[in-house]
Amino acid sequence: MAGGNERSMKALKEVWKRAENSLCADCGKPDPDWASSTLGVFICLSCSGIHRNIPSISKVKSLKMDYWDDAQVQFLAKHGNAVTKAIYEAHIPIYYYQPTYNDCQVLREQWIRAKYERKEFTEPGKQLPYSDGVKEGILWKRGRDNGQFLPRKFLLSEREGCLKYFTKQDAKEPKINVKIDVINATFQPEKIGNPNGLQITYLKDNKTRNIFVYHESGKEVVDWFNAIRSVQFHYLKVAFPIASDNEIKNRLTRNFLKEGYMEKTGPKQREAFKKRWFTLDHRRLMYFKDPLDAFAKGEVFVGSGENGYSVQKGLPSGTQGNFSWHYGITIVTPDREYLFTCETETDQLEWIRAFTSVINQAMTPQEYAIEAYFKFKS
């Protein structure tokens, strides 16, 4: 705030200290130290970079380093995060995913543009590109065998309660036809190698399948993501009529709890440990030879502590399998122990925290059914 007069500096600090302005207005990150002099919101450094890309809407300045004149400070004082959010976030659909500072760039950018540039949430009942109950278009899909991304037609239908994709534009029969209630979608830009990369997973015969897609347009891929959530929400409202909107919202798409490489050994615990890519999707721990494999090589059900599941740091004494990583983890289930090793202690502790968070949760009736399937399969 170099060059600012003492009165303006004091007034700016007073507005900045308000509780409503203690979190970034767009991603919720604590202690924002930037603000938009045209919108009146307090934002973090990362979101300020997105605001800079829409200069016709938002002019951003540092609260610490830039000069704020009396008129600008008064504008901030009249607005602030609470007032501005009441305008631009007045009518957000319950299913719309509101990203946090932990989410990827494309989600945060399209959230900011949807609010301030396109003003999607300022009016009730506004027709939105992801709220029609049907969406059709082209997504670039990774081939299961050759790894090439090729354009494929996708069709999402609320009436049919499914997502389809077709290998050819004029194909009459889809390559897949997946019920909407077994689908998850999560952004994976680093894994897919594209800033707009989206991973769609679904269950077939109670086994997880992966589809990796992207679109050149960040808006289009985020619209697809929210269209999936919209169709899921309305499908579940019919399936569970007494459930509250928030209960249903919590059953929509979810981010994976943890992903990364570990080594694992077989059930005899004498085989050599092999490096695999692991994904923890709530109670399903899946492992793949490659992060972009369409099918998991295996899955482990992680139940609750009250049902005999636990996670332990280290490996049982006398473990015979050869392993190159030395930070062990043991998952104890009612039927057997699963042994893993991590490359670093940090990885080990992060995985243990993720497993613990799942084990500490009580199981739902649906999860008891999944557990029964895993036991039957084994």
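Going by the annotation in an unreviewed UniProt entry, the name recorded for the chain is ADAP1 protein, with Vidua macroura given as the source organism. Check the Subcellular location (unreviewed entry) section of the UniProt entry for the chain; it says "Cytoplasm".

Engineer: Tell me about the environment of Ile50, and name the residues and values.
Structural biologist: Take Ile50: it is sitting in helix α2 (residues 45–52). On the basis of relative accessibility, which here comes to 1%, the residue Ile50 falls in the buried class. Placed 60 residues apart in sequence, Ile50 and Gln110 show a C-alpha to C-alpha distance of 9.4 Å. What Ile50 contacts, discounting residues up to four positions off in sequence, is Gln105, Arg108, Glu109 and Ile112.

Engineer: Run through the side chain of Asp281, naming residues and quoting values.
Structural biologist: Within the fold, Asp281 resides in strand β12 (residues 274–281). Excluding residues that lie within four positions of it along the chain, Asp281 makes contacts with Asn184, Arg254, Phe256 and Met286.

Engineer: Describe the nonpolar core, naming the residues involved and giving the relevant values.
Structural biologist: With 55 residues, the main nonpolar core has Phe187 and Ile200 as its most contacted residues. Ranked by residue count, the leading element in this core is helix α7 (residues 218–239), at 9 residues. The residue makeup of this core includes at least three contributed by each of domain 1 (1–117) and domain 2 (134–250). When residues no more than four places from it in sequence are discounted, the contact partners of Phe187 are Cys104, Val106, Leu107, Asn196, Gly197, Leu198, Val221, Val222 and Phe225. Residues Met262, Phe278, Tyr309 and Val358 belong to the second largest nonpolar core, which totals 22 residues.

Engineer: Tell me about the domain arrangement of the chain, and name the residues and values.
Structural biologist: Domain parsing of the chain yields domain 1 (1–117), domain 2 (134–250) and domain 3 (258–376). The gap between the C-alpha centroids of domain 1 and domain 3 is 42 Å.

Engineer: Now, about the UniProt feature "domain: PH" (unreviewed entry) in the chain: what can you tell me, with residues and values included?
Structural biologist: Within this structure's numbering, the places UniProt gives as "domain: PH" (unreviewed entry) are residues 132–233 and 255–360. Span residues 255–360 is 14% helix and 38% strand, its end C-alpha atoms 18 Å apart.

Engineer: Lay out the UniProt feature "domain: Arf-GAP" (unreviewed entry) in the chain in plain terms, naming residues and giving numbers.
Structural biologist: The sites that carry the UniProt feature "domain: Arf-GAP" (unreviewed entry) are, in the present numbering, residues 6–129. From the first C-alpha to the last, residues 6–129 spans 48 Å; its make-up is 40% helix and 6% strand.

Engineer: Lay out the side chain of Glu120 with the relevant residues and their values.
Structural biologist: Secondary-structure assignment places Glu120 in the loop between α5 (105–117) and β4 (134–142). Side chain to side chain, Glu120 and Arg118 meet in a polar contact 2.7 Å long.

Engineer: Now, about the packing of aromatic side chains: what can you tell me, with residues and values included?
Structural biologist: Throughout the structure, instances matching the rule amount to 20 aromatic pairs. Look at Tyr88 and Tyr116: their rings are 5.1 Å apart centre to centre, the planes differ by 70°, and that puts the pair in the edge-to-face class. Of this pair, Tyr88 sits in helix α4 (residues 80–88) while Tyr116 sits in helix α5, and the two are 28 residues apart along the sequence. Like Tyr116, Tyr88 is buried. Seen in terms of ring centroids, Phe278 and Tyr287 are 5.6 Å apart; in terms of plane orientation they differ by 40°. Their pairing is tilted. For the pair Phe278 and Tyr287, a shared accessibility class is recorded, and that class is buried. Taken together, the aromatic side chains of Tyr95, Tyr96, Trp111, Phe121, Tyr130 and Phe233 make up a single cluster linked through ring pairs. The ring centre of Phe166 lies 4.5 Å from the NZ or CZ of Lys153, which sits over that ring. When the ring centre of Tyr261 is taken as reference, the NZ or CZ atom of Lys275 above it lies at 4.4 Å.

What counts as what
Residues numbered from 1 in each chain as written. Predicted model: local features only at pLDDT ≥ 70, side-chain atom pairs only at ≥ 80, totals over all residues. Heavy atoms only, no water. UniProt positions renumbered as here; feature names shortened; annotations may be inferred. Helix = DSSP H or I, 4+ residues; strand = E, 2+ residues; numbered from the N terminus. Buried < 20%, exposed > 50% of the residue type's maximum accessible area, 1.4 Å probe, protein only. Contact = heavy atoms within 4.5 Å. Core = buried A, V, L, I, M, F, W, Y, C linked by side-chain atoms within 4.5 Å. Domains from an automatic or database assignment. Polar contact = N/O pair within 3.5 Å; in protein donor to acceptor, adjacent residues only side chain to side chain. Phe/Tyr/Trp six-rings, centres within 6.5 Å; stacked < 30°, edge-to-face > 60°. Lys NZ or Arg CZ within 6 Å of the ring centre and 35° of its normal.

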